[in-house]
Amino acid sequence: MKNLGILAPVFSLVGRQGIGDFGKEAYEFVDVLAKNKVSIWQILPMNPVGYGNSPYQPYSSYAGDEVYISGQGLYEMGLINSLPRKITTDHVDYEAVRNIKQRMLKRAYIAFLQREDLQDDYNQFVKETSWLETYANFITLKKYNYLSCWLEWPKKHKEWIEKKEYDIEKHRETIEYEKFIQYMFYKQWFALKEYANAKGIQIVGDIPIYVGIDSADVWANKNTFLLDEHHYPTFIAGVPPDYFSATGQRWGNPLYDWDYLEENNFQFWIERLAWSSKLFDQIRIDHFRGFDTYWKIPASSPTAILGSWHEAPGYALFDTIKEQLPTISIVAEDLGLLRQEVLDLRDHYHLPGMEIIQFVLDLDSEEIRKEEKRNVYVYSGTHDNNTLLGFLEECTEKQRKNLEKQYKDYNGKTIYDKIMNSLLHSLQDTVIFPLQDVLCLNQETRLNTPGTVGAPNWQWKLKELNSFEIHLKTLLEEIL
């Protein structure tokens, strides 16, 4: 039977405090998936986000964002006496959510300190979590410096991780509080993941190939990146000009010093993937082509035009991954214009790739494309796409007529229905639908528009679960 998946970031689930979190509603969502024989739940990164609320520019590759901690879970543990008022909304107001969660967590922490029955479990988490102290120090100093980028901190803070010339123990109470937040985040996440796995559902997590400059990752591993003597990036990541953008995309992430990484047996990547493999059953790595060749842009350049291609040691990296993490399951995000060597790298390690129907539709032909079966996850769209309905609404009348002729042999009242059914009957073993496409929603509900920052990106969420369950059942009736 085909593997069916739903792409649903946790923040887009129904939630009691204005955001999807690890509470009761997440378990109900899992129940709906299991009842309809959906075997994959793909999510987006859940790390702490900063400006713009993008999950792809977090403060850490390891830590979890407190917004996902369930107040109901804290209440059931006896750490808070009452729940905040219920907020029902179709979008996430991150500032309001943070205010609610922070007040709740501070109350919970006071109660936690008095709970002897939780201390052994907490101490075991601290002992087994090698990145925890470093992150807690980083986020404590960041908050002490009014959330400014660590590059703007006083020199003793900026270089504390190497030189220890600042008495960070004066912040010990805050550091311990931050460690408690991570304990609660992962206690709740692992419980939810265990529940999903018991229902036969695999979690596909998502990690970007690059990390943000304003992160504990860079602060604590400066030698791993191409930085100058003041720790600013000398070169940054992005992609060159193409038919999407005449100036390319200047992402701003610092580039890896691949020579240094290779000399150190790729330890930064091994540790990052090892932790992610505990959190997820499969790991989708964004921008997989960067392991073959990457676009190197001078940090001083205002656009991505002046960059150049450079080869990365992809085979050496994945040989090391295979040796040290033999059971890890990776999905390669292999989208875009690629040279053959990227596909060769992917196939050498038998990694499944991705195909987005919106990218492969031929809008100017009446003939349907010939489908080739290969190791691929096929999607109606991802977090960076318009919804499928929004995409079709932007087509010209001529293009829609072409699609009608291409998909005439598939069941459905509309071209939307026919395309969705074609994916369900495709040769590929795995098909994944975003929440919005199951619900047949328009472009107003898309998660992100690349090249833009802030609202309404990363804000859309479900108000209630019933309509999703009804649409999902209807969509899948033909093959179940």
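Structural data are supplied above this passage.
Every value quoted in this text rests on a predicted model; they were computed, and no experiment measured them.

Cut-offs used in this document
Residues numbered from 1 in each chain as written. Predicted model: local features only at pLDDT ≥ 70, side-chain atom pairs only at ≥ 80, totals over all residues. Heavy atoms only, no water. Buried < 20%, exposed > 50% of the residue type's maximum accessible area, 1.4 Å probe, protein only. Helix = DSSP H or I, 4+ residues; strand = E, 2+ residues; numbered from the N terminus. Arc of directions from axis to C-beta. Contact = heavy atoms within 4.5 Å. Polar contact = N/O pair within 3.5 Å; in protein donor to acceptor, adjacent residues only side chain to side chain. Salt bridge = Lys/Arg side-chain N within 4 Å of Asp/Glu carboxyl O. Pairing = 2+ DSSP bridges. Axes fitted to C-alpha atoms, helices over the stretch in contact; angles between N-to-C directions. 1 Å grid on protein atoms, 1.4 Å probe; cavity = no way out; pocket = protein on both sides within 12 Å on 5 of 7 lines; lining within 4 Å. Points joined across faces, edges and corners; volume = space filled by probe spheres on them. Nonpolar A, V, L, I, M, F, W, Y, C, P; charged D, E, K, R; others polar.

Colleague: Can you walk me through helix H12 (residues 314-324) in this structure?
Modeller: The periodicity of an α-helix, 3.6 residues per turn, causes residues three or four places apart in sequence to face the same way. Looking only at H12, the buried set comprises Gly314, Leu317, Phe318, Thr320 and Ile321. Looking straight down H12, one finds that the buried residues subtend no more than 155° of arc, so they occupy a single side. Facing away from the buried side of H12 by more than 90 degrees, the exposed set consists of Lys322 and Glu323. For H12, the secondary structure elements touched by its buried residues are helix H10 (258-263), helix H11 (267-279), strand E9 (330-332) and helix H13 (340-348).

Colleague: Teacher, can you tell me more about the side chain of Asn145 here?
Modeller: For Asn145, the position within the fold is in the loop between helix H5 (132-144) and helix H6 (155-158). Reaching out from Asn145, the side chain makes a polar contact with the side chain of His157 at a distance of 3.1 Å. If sequence neighbours within four positions are ignored, Asn145 has contacts with Trp153, Pro154 and His157.

Colleague: Any chance you could explain the pattern of salt bridges here in plain terms?
Modeller: Once the charged atoms of two side chains with opposite charge are near each other, the side chains can pair. Across all of its chains, the model carries 28 salt bridges by this definition. The residue Arg115 makes a salt bridge to Asp117 at a minimum N-O spacing of 2.8 Å. The exposure class assigned to Arg115 is partly exposed, which follows from its relative accessible area of 21%. Among the salt bridges present, the one from Asp334 reaches Arg346, with a minimum N-O distance of 2.5 Å. Placement of Asp334 in the loop between E9 and H13 and of Arg346 in helix H13 is noted, with a sequence separation of 12 residues between them. Both residues of the pair, Asp334 and Arg346, belong to the buried class. One continuous salt-bridge network, built from bridges that share partners, spans Glu133, Glu169, Arg172, Glu176 and Lys179.

Colleague: Sorry, what's going on with the pairing of strand E12 (residues 430-434) here?
Modeller: Remark: a regular strand shows side chains that alternate across the two faces of the sheet. When you tally the buried positions in E12, you get five out of five residues, the bulk of the element. What you see with E12 is no split at all: Thr430, Ile432 and Pro434 on one side and Val431 and Phe433 on the other are buried throughout. As paired elements, strand E1 (residues 3-7) and E12 share five bridges and run parallel to each other. Opposite Asn3, over in E12, you have Thr430 as the bridge partner. Of the strand pairs in this sheet, strand E11 (residues 376-379) and E12 are connected by three bridges, and their pairing is parallel. Looking at the pairing, Tyr379 lines up with Ile432 of E12.

Colleague: Would you mind going over the pairing of strand E6 (residues 282-286) with me for this structure?
Modeller: The buried fraction of E6 is high, at four of five residues. Sheet topology places E6 next to E9; three bridges connect them, and they run parallel. In the sheet register, Ile283 faces E9, and the bridge partner there is Ile330.

Colleague: Which parts of the structure should I look at to understand the sheet that holds strand E4 (residues 235-239)?
Modeller: Hydrogen bonding along the main chain pairs the strands of a sheet, whether they run parallel or antiparallel. The strand order across the open sheet formed by four strands is E5-E4-E7-E8, and the pairing between neighbours is antiparallel. Each having just a single partner strand, strand E5 (249-254) and strand E8 (308-311) make up the two edges of the open sheet. On average, adjacent strands in this sheet sit at an angle of 45° to one another, irrespective of strand direction. Pairing geometry for strand E7 (residues 293-298) and E8, over four bridges, is antiparallel. Following the sheet pairing, Thr293 is matched in E8 by Glu311.

Colleague: What am I meant to see in empty space enclosed by the protein here?
Modeller: One simple way to see leftover space: roll a probe sized like a water molecule over the atoms. Counting across every chain of the model gives three cavities of 30 Å³ or more. Empty space within the largest cavity amounts to approximately 150 Å³. Lining the largest cavity are 19 residues, with Pro45, Met46, Asn47, Ser61 and Ile207 sitting closest to its centre. Broken down by secondary-structure element, the contributors of at least two residues to the lining of the largest cavity are helix H8 (172-198), strand E3 (202-208) and H11. Counted by class, the lining of the largest cavity contains 12 nonpolar, five polar and two charged residues.

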